[in-house]
Amino acid sequence: MGAAAAGNILEWFDFALYGFFAVTIGQLFFPSSSPTASLLAALAVFGVAFVMRPLGGIVLGRLADRAGRRPALTLSVLLMGVSTTLIACLPSHASIGVAAPLLLVALRCVQGFSAGGEYAGATTYLLENAPSHRRGLWSSVISATSAIGVLLAGIVALAATAWLTEEQVTAWGWRLPFLLAAPLAVVGLYIRYRLEDTPVYQELERRDEVPQEPLRSLGRSGVGRIGLVFAATAVAGLGFYYLATYVVTHLTTVVGLDRTEALLLAVAGLAIYSLVCPLAGMSGDRWGRRPTIIVGGLGLAVVAVPSFLLIGSGVPGLILLGLTVFAVFEALANVMLGLLLVELFPARTRVSGSAIGFNLAQAAVGGPGPLVAAALAAGLGLAVAPAFYVVAVALLATAALVRYLPETRGTDLVTGATPAARVPAAGDLATAEETR
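Here the structure is a predicted model, which is why all the values come from computation and not from measurement.

Engineer: Hey, could you run me through the side chain of Arg 69 in this one?
Structural biologist: By the secondary structure assignment, Arg 69 is in helix α5 (residues 69-88). Within the structure, the side chain of Arg 69 is placed 3.1 Å from the backbone oxygen of Ala 64, a separation counted as a polar contact. Ignoring anything within four residues of it in the chain, the contact list for Arg 69 reads Ala 64, Thr 124, Tyr 125, Glu 128, Asp 197, Thr 198, Tyr 201, Ala 347, Arg 350 and Val 351.

Structure, rendered in structure tokens:
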């Protein structure tokens, strides 16, 4: 558990740094007479990385299903470390002109490719080693350590902001946290290289059932399962990127807090979310995956507007309350998502299938979330406007889960057999009530 968790922290630390320095990066790589235009350009590049995530999910997921979970996880942390280190070395627009943003986009695409295989791979590795009656609790480790990686990135950003002047941060200080990726990548490679593959994958090897082409083995039922993962990821992924990335931008550009205070509040919100994740996992173990994720999704739809009203107040105590309420329901949805990635698919196609659904949703819904949120806030002139996107996505995605999601608690992780009759195949969703 510790090795998978440590690698996940390193991966998300690297990926999240960009979001914490979006304002500075916008000024340096997308100079404009309008600070809002520069910020939106920087957030658009944040979203561009998600375009590469489905490709990363396909390639690294295929590798995980064919060659084992360990090689795919090792490659993902290597790619993330190298690309993040190179971002630290990029000249700005003032030095090399339009080549600067183009190179930035290219490196963000490599980061997106790497992240495309990380979450599904790390979750699969951890849960294939977990006791069957404690999978929810173990799944919370992945959700919590993803937030901890982002939290650590926030702490590093906070330190840079506190110890350096704004001019120093803009001139060179923003590069220092990205340079940390090099030694961290070495640590991550060492940790993951020492891992043994999971008992589930070893059983596939013993049975000679490792697929050569896992994508072709998904079949029609696999497409239905991918659709369920897409819906679950849409609501959980969007909520996570609001907490992990957009909150700092919102507090500084919309609410008007100084960067140090905004970072402190964002870090506190992520810490609370990390503490809630184990409770969410235990809820899934006790009451089931289906009711827990539905409560999480509907809860986000209900509390998004009140939470952003509190966040928009500008009062630190109320901001923290708004973040806490949002984090509770996000934890319920996110921890159950990890379980669904693993329990909806048989071992032969698990990482490939879950990574496709997960990353398509992140590319279409979660990744553009900070950009959509910033555009809504700027266009409508309302501090509460970003909540409207969360409400719409949560209602639509949760409605699909209410209709089609089976209960997966007790799933056999080798065969993928669930206690319910079956998962709806593509083209057969009309009879999906059988799965409930």
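So much for the structure itself; the text now carries on.
Engineer: I tried to follow the environment of Arg 70 on my own but got confused; where do I start?
Structural biologist: Its location among the elements puts Arg 70 in helix α5. In this structure, the C-alpha to C-alpha distance between Arg 70 and Ala 122, residues 52 residues apart in sequence, is 9.1 Å. Each residue touching Arg 70, except ones within four places of it in the same chain, is listed here: Arg 192, Tyr 193, Leu 195 and Asp 197.

Engineer: Help me understand a nonpolar patch on the surface, please; the structure alone is not making it clear to me.
Structural biologist: On the surface, Leu 55, Ile 58, Val 59 and Leu 215 cluster together to form a nonpolar patch covering roughly 280 Å² of accessible area. Within the element layout of this structure, Ile 58 appears in helix α4 (residues 53-67).

Engineer: What exactly am I supposed to notice about unusual backbone geometry here?
Structural biologist: Comment: phi is negative for the bulk of residues other than glycine, and the bulk of peptide bonds are trans. One non-glycine residue with positive phi stands out, namely Asp 208, at about 60 degrees. Residue position: Asp 208 is located in the loop between α12 (199-207) and α13 (219-255). By relative accessible area, Asp 208 is classed as exposed at 69%.

Engineer: Just to check I follow, could you spell out the environment of Val 98 for this structure?
Structural biologist: Note that Val 98 resides in the loop between α6 (93-96) and α7 (99-127). Its relative accessible area of 58% is what places Val 98 among the exposed residues. In the structure, Val 98 is positioned 68 residues away from Phe 30 in sequence and 8.9 Å away in space, judged by C-alpha atoms.

So, how was this worked out
Residues numbered from 1 in each chain as written. Predicted model: local features only at pLDDT ≥ 70, side-chain atom pairs only at ≥ 80, totals over all residues. Heavy atoms only, no water. Helix = DSSP H or I, 4+ residues; strand = E, 2+ residues; numbered from the N terminus. Polar contact = N/O pair within 3.5 Å; in protein donor to acceptor, adjacent residues only side chain to side chain. Contact = heavy atoms within 4.5 Å. Patch = residues over 30% accessible without salt bridge, like charges linked within 9 Å, V, L, I, M, F, W, Y side chains within 5 Å. Areas by Shrake-Rupley, 256 points an atom, 1.4 Å probe, with all protein chains shown as cover. Salt bridge = Lys/Arg side-chain N within 4 Å of Asp/Glu carboxyl O. Buried < 20%, exposed > 50% of the residue type's maximum accessible area, 1.4 Å probe, protein only.

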